[in-house]
Amino acid sequence: GKKGVVAGKREALFIQNMVHEIRTPLNAIVGFTQVITDPEIELEKEDKEEYMSLILKNNDLLLKLVNDVFDIAQMESGNLQMAIEPCSLNSLCNEAVKDMSSRTEKGVKMHFPQHITDFTLSTDRQRVLQLLSNYLSNACKFTHEGEIMLDYYVDEQLKTVTFSVTDTGIGIPVDKAEIIFNRFEKLNSFEQGTGLGLHVCRLIAKTLHGEVKL
């Protein structure tokens, strides 16, 4: 029926995007490796180091793509098990900032305003850390000056914890507030990345009975 046709088109588009996102870093890895290992090409030390850096960067991109797709498959099928345990939110936010601060552009400050009173939340620490890291990574790509701030707010009455990532980057149009959480959605197609990070965030939040939004 019509539903089957729509689902089929959606999966075909997913595969097309997958092929493109895999092929791009693979071509870069193979191309730069051939240049470095070609005995007939003499390279300056600086050029060789730059090519090695690009190989590693594309290798990381490829690995993230594979991990993201695996996570998506696990979460959408309901097979991903969460390891729920008590988690210090101060510790969690400090670790997220520590892990991601090296990715900021020169002059951009990433910080977490320390909470005098800590809060312990029962959740899957690694998955929340993954979600926050994806948000911070996204902020790093589009913030060229100013700051990136991670924070959280506890509402005792509603029994909710709200994490927030605020930046002084280029911003996102209001009409794009929802589509950025779709698979392979990138507002700037020239920006390096899989376009899966925010979709993974949405799936993690949903699995932990939460939500993500702009």
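Heads up: the structure comes first, above all this text.
None of these values were measured; they are calculated from a predicted model. (Residues numbered from 1 in each chain as written. Predicted model: local features only at pLDDT ≥ 70, side-chain atom pairs only at ≥ 80, totals over all residues. Heavy atoms only, no water.)

Undergrad: Account for the side chain of Arg127, with residues named and values stated.
TA: Note on placement: Arg127 falls in helix H4 (residues 125-142). In this structure, Arg127 is in contact with Asp71, Leu80, Met82 and Ile204, ignoring residues within four places of it in sequence. (Helix = DSSP H or I, 4+ residues; strand = E, 2+ residues; numbered from the N terminus. Contact = heavy atoms within 4.5 Å.)

Undergrad: Account for the packing of aromatic side chains, naming residues and giving values.
TA: According to the stated counting rule, one finds three aromatic pairs in the structure shown. Judged by centre distance (6.1 Å) and plane angle (20°), the rings of Phe112 and Tyr152 are stacked. Here the residue Phe112 occupies a position in the loop between strand E2 (109-111) and strand E3 (120-123), and Tyr152 occupies one in strand E4 (residues 147-155), the gap between them amounting to 40 residues. By relative accessible area, which is 7% here, Phe112 ends up buried. (Phe/Tyr/Trp six-rings, centres within 6.5 Å; stacked < 30°, edge-to-face > 60°. Buried < 20%, exposed > 50% of the residue type's maximum accessible area, 1.4 Å probe, protein only.)

Undergrad: Give a description of helix H5 (residues 197-207) that names residues and reports values.
TA: The buried count for H5 comes to eight of 11 residues, which makes it a mostly enclosed element. For H5, the set of buried residues is Gly197, Leu198, His199, Val200, Cys201, Leu203, Ile204 and Ala205. Buried residues belonging to H5 abut helix H2 (45-76) and H4. Remark: His209 follows H5 within two positions and exhibits a positive phi of approximately 60°.

Undergrad: I'd like a rundown of the sheet that holds E4, residues and numbers included.
TA: Sheet architecture is open: three strands sit in the order E2-E4-E5, paired in mixed fashion. Each of the sheet's edge strands pairs with one partner strand only, and the pair in question is E2 and strand E5 (160-167). The average undirected angle you get between the axes of adjacent strands in this sheet is 15°. (Pairing = 2+ DSSP bridges. Axes fitted to C-alpha atoms, helices over the stretch in contact; angles between N-to-C directions.)

Undergrad: Describe in detail the packing of helix H3 (residues 89-100) against H4, supporting the description with residues and values.
TA: One way to put it is that H3 packs onto H4 with a least axis distance of 9 Å and a crossing angle of 45°. Considering their axes alone, H3 and H4 lie oblique with respect to each other. H4 is crossed by H3, and the crossing has right-handed handedness. Mapping the contact onto sequence places Ser91, Leu92, Glu95, Ala96, Val97, Asp99 and Met100 in H3 and Arg125, Val128, Leu129, Leu132, Ser133, Leu136, Ser137 and Cys140 in H4. The residue makeup of the contact of H3 with H4, split by class, is nine nonpolar, three polar and three charged. (Parallel < 35°, antiparallel > 145°, perpendicular 65-115°, else oblique. Left-handed = near helix turned anticlockwise from the far one by under 90°. Nonpolar A, V, L, I, M, F, W, Y, C, P; charged D, E, K, R; others polar.)

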